[in-house]
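Descriptive structure summary
Next come the chains, spelled out residue by residue.
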Amino acid sequence: LALTFLVPGVVAKPIKVGFAQTGAESAWRTANTQSMKSEAEKRGIELKFADGQGKQENQIRAIRSFIAQRVDAIVLAPIVETGWDPVLREAKRAGIPVVLTDRTIQTADESLYACFIGSDFYEEGRMAADWLAKKTGGKGSIVELQGTPGSAPANERRRAFADALTKHPGLKIIDSQSGDFRRSGGKEVMEAFLKKHGRAITVVYAHNDDMALGAVQAIQEAGRKPGTDIIIVSIDAIKEAIQAVVDGKINCTVECNPLFGPKVYDTVTKL
Ligand code: AHR
């Protein structure tokens, strides 16, 4: 039950939120941006949206501009984990709460942000590895397509997968490189892996679906069958990847839900 109290002569001002998004690198990201924008509109929240275009310095500039505009709260999806303390200190001095969403940061001062709303990337990597161990009976030569270097999902998904593989000595990562969470990056890196390792590759572990779909293309262009000749396990569960699972081109995708809008604005409103 929602109650609104109207005081005569007082007009309720909409909440003003600044959202510093990482960029538009993947379909997951597009869905996340859409959730943040549509939910703000639904709730009458004034949203100031800044696309960081994959660069931390753009996100830092956006946060400074939100502070100058005296927003009520700042929401940050940090592209990388480190280097946020100075700008978050500026927000704290201005009395503006910061909510981290999607990705976490590394800081010795946890008072610099109010809370984190996002997924457990480590658990996703662990689930991908456990599924692979069952599927392969613990044997395989894996190439890994990493996400953006220094980002929480790339760090955690990599660490979890490597930790889980210690229980399966027959599963080995033979090469690992960043495709920056982009389809084009996944395709380029996979082409290079295929040239370098040829038929030795039996598994692709992609840190997201866009890179997995890029790898599917590279494998097909090399005249091999993705999902059959090479097993592909990935993370996100975007619509196109689920279709690829149905079509037998990707073997498994672990869900990472991007729809954080409602939770983020519930929290911002409380703050
Ligand atoms: O931080 C979440 C990750 O970033 C998603 O897995 C990926 O698709 C996105 O770009």
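Shown above is the structure to which this text applies.
Please read these numbers as outputs of a predicted model, since none were measured by experiment.

**Comments concerning the overall build of the protein chain**
On a plain count of helices and strands, the protein chain comes out with nine helices and ten strands. Here the protein chain, with 271 residues, has 50% of them falling under the buried criterion. Within the protein chain, contacts between residues at least 6 apart in sequence are counted, and of these 72% link residues at least 24 apart. Summed over its atoms, the accessible surface of the protein chain is roughly 12900 Å², and 52% of this surface lies on carbon and sulfur atoms. Treating the 36 positive side-chain charges of the protein chain as one cloud and the 33 negative ones as another, the clouds have centres 1 Å apart.

**Remarks on helix H4 (residues 121-136)**
Residues spaced three or four apart along an α-helix face the same direction, because each turn holds 3.6 residues. With 16 residues, H4 should reach 22 Å at 1.5 Å per residue; the first-to-last C-alpha distance of 23 Å fits that figure. Every buried residue of H4 is listed here: Phe 121, Glu 124, Gly 125, Ala 128, Ala 129, Leu 132, Ala 133 and Thr 136. Positioned one or two residues after H4, Gly 137 has a phi angle of 65°, which is positive.

**Re the site of the ligand**
Around the ligand sit Glu 25, Ser 26, Trp 28, Arg 29, Asp 102, Arg 103, Phe 121, Pro 153, Arg 157, Phe 181, Asn 208 and Asp 236, and that is every residue in its neighbourhood. Here an oxygen atom of the ligand sits 2.8 Å away from a polar atom, N or O, in the side chain of Arg 157. Within the side chain of Asp 236, a nitrogen or oxygen atom sits 2.6 Å from an oxygen atom of the ligand. Contact with the protein chains hides 100% of the accessible area of the ligand, taken as 280 Å² for the molecule alone. The set of elements that each furnish at least two residues to the shell around the ligand consists of helix H1 (27-43) and helix H5 (152-165).

**What to know about the side chain of Gln 59**
Here Gln 59 lies in helix H2 (residues 56-68). Within the local environment of Gln 59, its side chain forms a polar contact with the backbone oxygen of Ala 20, the two atoms lying 3.1 Å apart.

**Some remarks on the pattern of salt bridges**
For the structure on display, the rule yields 22 salt bridges. Note that Glu 124 and Arg 157 form a salt bridge whose closest N and O atoms lie 2.8 Å from each other. In this pair, Glu 124 is assigned in helix H4 and Arg 157 in helix H5, connecting sequence segments 33 residues apart. Asp 210 is the salt-bridge partner of Arg 183, the closest N and O atoms lying 3.5 Å from each other. Within this pair, whereas Arg 183 is found in helix H6 (residues 183-197), its partner Asp 210 is found in helix H7 (residues 209-221), the two being separated by 27 residues in sequence.

**Overview of the environment of Ile 238**
Secondary-structure assignment places Ile 238 in the loop between strand E9 (231-236) and helix H8 (239-246). With a relative accessible area of 10%, Ile 238 lands in the buried category. Put simply, Ile 238 and Ala 164 are 74 residues apart on the chain and 24 Å apart in space, counted from C-alpha to C-alpha. When residues no more than four places from it in sequence are discounted, the contact partners of Ile 238 are Ala 27, Trp 28, Arg 183, Asp 209, Asp 210 and Leu 213.

**Regarding unusual backbone geometry**
Phi angles above zero are rare outside glycine, and Arg 70 is one such case at about 55°. For Arg 70, the location among the structural elements is in the loop between H2 and strand E3 (73-76).

**Considering the packing of aromatic side chains**
Across all of its chains, the model carries three aromatic pairs by this definition. Seen from their ring centres, Phe 161 and Tyr 205 are 3.7 Å apart, and the 10° between their planes marks the pair as stacked. Of the two residues, Phe 161 sits in helix H5 while Tyr 205 sits in strand E8 (residues 203-206), which places them 44 residues apart along the sequence.

**Re the sheet that holds E9**
Read from one edge to the other, the open sheet built from five strands follows the order E7-E6-E8-E9-E10, with strand pairing classed as parallel. The strands lining the two open edges of the sheet, one partner per strand, are strand E7 (171-178) and strand E10 (252-255). Mean inter-strand twist for the sheet, computed between neighbouring axes without regard to direction, equals 20°. Of the pairings in the sheet, the one linking strand E6 (residues 140-146) to E7 comprises seven bridges and is parallel in character. Looking at the pairing, Leu 145 lines up with Gln 177 of E7. The strands that H4 touches are E6, E7, E8, E9 and E10; relative to E9, the one it contacts most, it runs at about 160°.

What counts and how
- Residues numbered from 1 in each chain as written.
- Predicted model: local features only at pLDDT ≥ 70, side-chain atom pairs only at ≥ 80, totals over all residues.
- Heavy atoms only, no water.
- Helix = DSSP H or I, 4+ residues; strand = E, 2+ residues; numbered from the N terminus.
- Buried < 20%, exposed > 50% of the residue type's maximum accessible area, 1.4 Å probe, protein only.
- Contact = heavy atoms within 4.5 Å.
- Areas by Shrake-Rupley, 256 points an atom, 1.4 Å probe, with all protein chains shown as cover.
- Lys, Arg positive; Asp, Glu negative; His and termini not counted.
- Charge placed at Lys NZ, Arg CZ, Asp CG, Glu CD.
- Expected span 1.5 Å × (residues − 1).
- Near = heavy atom within 4 Å.
- Polar contact = N/O pair within 3.5 Å; in protein donor to acceptor, adjacent residues only side chain to side chain.
- Salt bridge = Lys/Arg side-chain N within 4 Å of Asp/Glu carboxyl O.
- Phe/Tyr/Trp six-rings, centres within 6.5 Å; stacked < 30°, edge-to-face > 60°.
- Pairing = 2+ DSSP bridges.
- Axes fitted to C-alpha atoms, helices over the stretch in contact; angles between N-to-C directions.

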